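Structure assessment
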Amino acid sequence: MWTFTSDVEEYAEVAEPFLLGDPVRNTVPLTVLANLRAGMPVRSPLFGWWTVDGEPRGAVFHTPPHPLGLFAVPVEAVGPLIKALDGTLPVFVGPPEPAAEAMRLLGAPSRVVSERLYRLGTLSVPDVPGRGRLAVPGDYPLLVSWYQDFGTETGMGEGDVADRVARRLRSGELFLWEAEGAPVSLAALSPAAGGVCRIGPVYTPPSRRRRGYGAAVTAYASRTGLEGRCEQVVLFTDLANPTSNAIYQAIGYEPVCDYAHVSYG
């Protein structure tokens, strides 16, 4: 049975202990929950949990304009969820099994992006000219520009980029790699949730690519996380980009599981 609420604390009381059972695979819902508790603005949120014999066995969240998260939804709960949501799931992301069930029930989507979750094993720091540093307020215009470029390039730009960058900058979540005295690449690191930090986005302008800067800034942000912020570091990649997948594996990231980012209309 599905139960829904717009109250984040009511949702957390039931869903958080369930999600913490696998904090790596549930990194996104746990991070969203942490961000909401920290004051992240959201309009018309929806939270839900699936119970069997009174015990939570699944959880779902939607914080528009971001996709609905099926990260912790069992296959058998997908049909009842779609029915409860009036037969529509315009944009969602989740593991292959519940995503496939949703697509079976909803029909062919307009777009599917296949993603892979990686967890850092032993970090291997690449030998790349330059240095990593925490982003500072003076970097704000550049960071906003790069976030916008990342969203345009990936087709996943959502919400108020300027506000998101400002919040992440204040929280010390944004890192830059500098070469020859200028920023050349960006990586973000989420706050720890369940002992897990997540890298993303990672962005290098086209003119600066193929020089190892993306690997370098990712390694720098990952090491920063492990040295004082979290116990494990994870990241997502687009499986259609073999270059980024190879780069992250080269610095120590190991595959955990796959996900599908599905859009209708």
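Above this text is the structure in question.
Residues numbered from 1 in each chain as written. Predicted model: local features only at pLDDT ≥ 70, side-chain atom pairs only at ≥ 80, totals over all residues. Heavy atoms only, no water.

Observations concerning the environment of Val196
As a reminder of what qualifies: Secondary structure elements follow DSSP: runs of H or I no shorter than four residues count as helices, runs of E no shorter than two count as strands, and numbering proceeds from the N terminus. Using a 1.4 Å probe on the protein chains alone, a residue whose accessible area is under 20% of its type maximum counts as buried, one over 50% counts as exposed, and one in between counts as partly exposed. Contact criterion: two residues are considered in contact whenever any of their non-hydrogen atoms come within 4.5 Å of each other.
Checked against the element boundaries, Val196 lands in strand S10 (residues 196–203). Owing to a relative accessible area of 0%, Val196 belongs among the buried residues under this scheme. Separated by 172 residues in sequence, Val196 and Val24 have C-alpha atoms that sit 6.6 Å apart. Residues within four places of Val196 in sequence aside, it is in contact with Pro23, Val24, Thr27, Pro191, Cys230, Gln232 and Val234.

Section: the packing of aromatic side chains
Ring pairs (aromatic) are described by centroid distance and by the angle formed between their planes. This is how the line gets drawn: Between the rings of Phe, Tyr and Trp (Trp by its six-membered ring), a pair exists once the centres lie within 6.5 Å; its type follows the angle of the planes, with under 30 degrees stacked, over 60 edge-to-face, and the other angles tilted.
With the rule as written, the count across this model stands at 10 aromatic pairs. Ring geometry for Trp2 versus Phe4: centroids 5.8 Å apart, planes at 15 degrees, classification stacked. Arranged with centres 5.6 Å apart and planes meeting at 50 degrees, the rings of Trp2 and Trp50 form a pair that is tilted. Here Trp50 lies in strand S2 (residues 46–52) and Trp2 lies in strand S1 (residues 2–5), a separation of 48 residues in the sequence. Neither residue differs from the other here; Trp2 and Trp50 are each classed as buried. Feature note: the residues Phe61, Phe71, Phe236 and Tyr259 constitute an aromatic cluster, connected by ring pairs.

Quick look at the pairing of strand S4 (residues 68–72)
This is how the line gets drawn: DSSP calls a pair of strands paired once it identifies at least 2 bridges connecting them. Clockwise travel from the first strand over the helix to the second, with the strands pointing away from the viewer, marks a crossover as right-handed.
Counting buried residues in S4 gives five out of five residues, a clear majority hidden from the surface. Where strand S3 (residues 55–62) and S4 come together, two bridges link them in antiparallel fashion. In the sheet register, Ala59 faces S4, and the bridge partner there is Ala72. Linking S3 to S4, which pair antiparallel, is a turn of five residues. Pairing analysis gives two bridges linking S4 to strand S5 (residues 91–94), with the strands arranged parallel. Within the sheet, the bridge partner assigned to Gly69 lies in S5 and is Val93. Since S4 and S5 lie parallel, the crossover through helix H3 (residues 78–84) that links them has a hand, and here it is right-handed.

Section: the packing of helix H1 (residues 8–19) against helix H2 (residues 27–37)
What counts, and what does not: Only C-alpha atoms enter the line fits that serve as axes; for helices the fit covers just the stretch in contact. Angles between N-to-C directions range over 0 to 180 degrees. Each crossing is labelled by how the near helix is turned from the far one, with a counterclockwise turn of less than a right angle marking it left-handed and a clockwise turn marking it right-handed. Gly counts as polar in this scheme, as do all residues outside two lists: the nonpolar Ala, Val, Leu, Ile, Met, Phe, Trp, Tyr, Cys and Pro, and the charged Asp, Glu, Lys and Arg.
Close contact between H1 and H2 brings their axes to 11 Å; oriented N to C, the two are set at 145 degrees. The hand of the H1/H2 crossing is left-handed. Taking contact as the criterion, the partners of Val8, Glu9, Tyr11, Ala12, Glu16 and Leu19 in H1 are, on H2, Pro29, Leu30, Leu33, Leu36 and Arg37. Residue classes in the contact of H1 with H2 are distributed as eight nonpolar, no polar and three charged.

Some points on unusual backbone geometry
A cis amide bond links Pro64 to the next residue, Pro65, at an omega of 10 degrees. By secondary structure assignment, the location of Pro65 is in the loop between S3 and S4. Omega for the bond connecting Gly200 with Pro201 falls within 30 degrees of zero, at 0 degrees, which places this linkage in the cis form. One can find Pro201 in strand S10. The phi dihedral of Glu180 is positive, around 55 degrees, even though this residue is not glycine.

Focus: the state of the cysteines
Here a disulfide denotes one covalent bond, and it connects the sulfur atoms of two cysteines. Quick reminder of the rule: Two cysteine sulfurs form a disulfide in these notes if their separation is within 2.5 Å.
Under the definition given, this model contains zero disulfides. Summary of cysteine pairing: Cys257 is not part of a disulfide, and the nearest cysteine sulfur, belonging to Cys230, is at 18 Å.

Examining the sheet that holds strand S9 (residues 182–189)
Judged by pairing direction, the sheet is mixed, and its 12 strands sit side by side in the order S1-S2-S3-S4-S5-S12-S6-S11-S10-S9-S8-S7 without closing on themselves. The sheet is open, and its two edges are formed by S1 and strand S7 (131–134), each paired on a single side. The sheet shows a mean angle of 25 degrees between the axes of neighbouring strands, direction not considered. Here S1 pairs with S2 via four bridges, running antiparallel. Directly across from Trp2, in S2, lies its bridge partner Trp50. With respect to the sheet, H2 is in contact with S2, S3, S4, strand S6 (111–120), S10 and strand S11 (232–238), its orientation differing from that of S10 by roughly 95 degrees.

Looking at the pattern of salt bridges
Rules: What makes a salt bridge here is a side-chain nitrogen of Lys or Arg within 4 Å of a carboxyl oxygen of Asp or Glu, nothing more.
Tallying each qualifying case throughout the model produces 11 salt bridges. In this structure, the salt-bridge partner of Arg37 is Glu9, at a minimum N-O distance of 3.2 Å. Pair noted here: Arg37 is in helix H2 and Glu9 is in helix H1, with a separation of 28 residues, a long-range link. What makes Glu9 partly exposed here is its relative accessible area of 41%. The partner of Arg167 in a salt bridge is Asp163, and the shortest N-O contact between them spans 3.1 Å. In this pair, Arg167 and Asp163 are both assigned in helix H6 (residues 161–170), four residues apart and thus about one turn of the helix distant. For Asp163, a relative accessible area of 29% corresponds to the partly exposed category. Through salt bridges that share partners, Arg131, Arg133, Asp139 and Glu178 make up one connected network.

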